[in-house]
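Spelled out, the chains give:
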Amino acid sequence: MIVRASLAVLLLCLPAPIVAQEAEWLVMARRGWSYELRETMVGRDLSIPVRISGRALLRADICLLGEAPRPETRAILDAFTALLGHVHGRAPRLIEAGEAQDCLESAQVLLRLRSGSAPETGMSRDIAWMEARFALGLPPRHDWTAIAPAMAQTFFGRRGAVTHILVEQAAGAGDAADALYFRSILIEELFQAFTFGMDILHIDAETPYLSKLEERPLRMARPPRPGTPEYRRALLGTNPPALCPFDILMLHAVAETPVAETNGPDFLAFIAAEFADLHARAQATMQDARFAPLLDPACRPIGG
């Protein structure tokens, strides 16, 4: 009742466009950040607790594995770490290690880059190192398969959480659509890894997107073969190619919340109670030219 009463007072103080936007954005936050995690890996040590907190990687650094980042990849990595530094007060370091055993102790995010080559062998080496370093309690035998051109998995161990990201980058010079596609999948995996937001179904193709997490079903009678330019162009139409204003607000919410877990009602109540401040912070952040490569101007704008 106290939260509802304070929220009612807050709504009276906000301009009408922000009040309307708040209701819509809170619904979006509930869809992406209110969920129960179900264990699906057979044989994992279930005595290891799982706590979803977007702040778990607050002091984490990023270890770059596999291929060296291409200039386009590096530009996104630099912009995203700068954004995290602006929001959290500390930017993750990018450690180019090549292999997991060369990562620093502070690396809680392992990012393996590839350009078409089969990544399973390197991925298995990465996760074996993660098991030894973080005591993940994984089953002794498990086949690690790359089921998508980009994927992120967070593991919870007795010595902390660690995230593994596998992302395909361009093998060489491509067209504008290719560049947009590879930028899009890298931004999406980084954003989800550092916020723990879940995919959100977007049905109405005529409604502008509110979040990078939204995904529109791909309906094609004959879907193109994965890995082809046609496949990449088709996927580009299923969600925004970069972050939306809502996503920037959620980054600030994750950074500033005092609650222990960011996938439940307490986190949503914090967003509701602090919406005016979070809204203002997101608006200011989006004015910083450093973050322009990460933003999609076609998203629903702040105040719109």
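For the structure, check the block above.
Okay, so let's go over this structure. (Residues numbered from 1 in each chain as written. Predicted model: local features only at pLDDT ≥ 70, side-chain atom pairs only at ≥ 80, totals over all residues. Heavy atoms only, no water.)

By the definition in use, this model includes two disulfides. With its sulfur 1.9 Å from that of its partner, Cys 63 forms a disulfide with Cys 103. A torsion of -95 degrees about the S-S bond marks the disulfide between Cys 63 and Cys 103 as left-handed. Placement of Cys 63 in strand 1 (residues 61-66) and of Cys 103 in the loop between strand 2 (94-98) and strand 3 (107-114) is noted, with a sequence separation of 40 residues between them. Grouping residues by exposure puts Cys 63 and Cys 103 together as buried. Each sulfur of the disulfide joining Cys 244 and Cys 299 lies 2.0 Å from the other. An S-S torsion of about -50 degrees defines the bridge between Cys 244 and Cys 299 as left-handed. Placement of Cys 244 in the loop between helix 6 (229-236) and helix 7 (245-256) and of Cys 299 in the segment after helix 9 (275-285) is noted, with a sequence separation of 55 residues between them. Residues Cys 244 and Cys 299 agree in their burial class; the two are buried. When the cysteines of the protein that form disulfides are numbered from the N-terminus onward, they connect as 1-2, 3-4. (Disulfide = S-S within 2.5 Å. Helix = DSSP H or I, 4+ residues; strand = E, 2+ residues; numbered from the N terminus. Buried < 20%, exposed > 50% of the residue type's maximum accessible area, 1.4 Å probe, protein only.)

Now for the sheet that holds strand 2. Note on sheets: strands pair through backbone hydrogen bonds, and any given pair is parallel or antiparallel. In spatial order, the strands read 2-1-3-5-4; together these five strands make up an open sheet with mixed pairing. The sheet is open, and its two edges are formed by strand 2 and strand 4 (150-157), each paired on a single side. Each adjacent strand pair in this sheet contributes to an overall mean axis angle of 20 degrees, direction not counted. Note that strand 1 and strand 2 share four bridges and pair parallel. When the sheet's bridge partners are listed, Leu 65 is paired in strand 2 with Gly 98. (Pairing = 2+ DSSP bridges. Axes fitted to C-alpha atoms, helices over the stretch in contact; angles between N-to-C directions.)

A word on helix 7. In this model helix 7 runs 17 Å from its N-terminal to its C-terminal C-alpha over 12 residues, within 8% of the 16 Å that 1.5 Å per residue would give. Among the 12 residues of helix 7, 11 are classified as buried, and the element is accordingly described as predominantly covered. Residues of helix 7 that are buried include every one of Pro 245, Phe 246, Asp 247, Ile 248, Leu 249, Met 250, Leu 251, His 252, Ala 253, Val 254 and Ala 255, and no others. (Expected span 1.5 Å × (residues − 1).)

Just distances and angles here, no functional claims.
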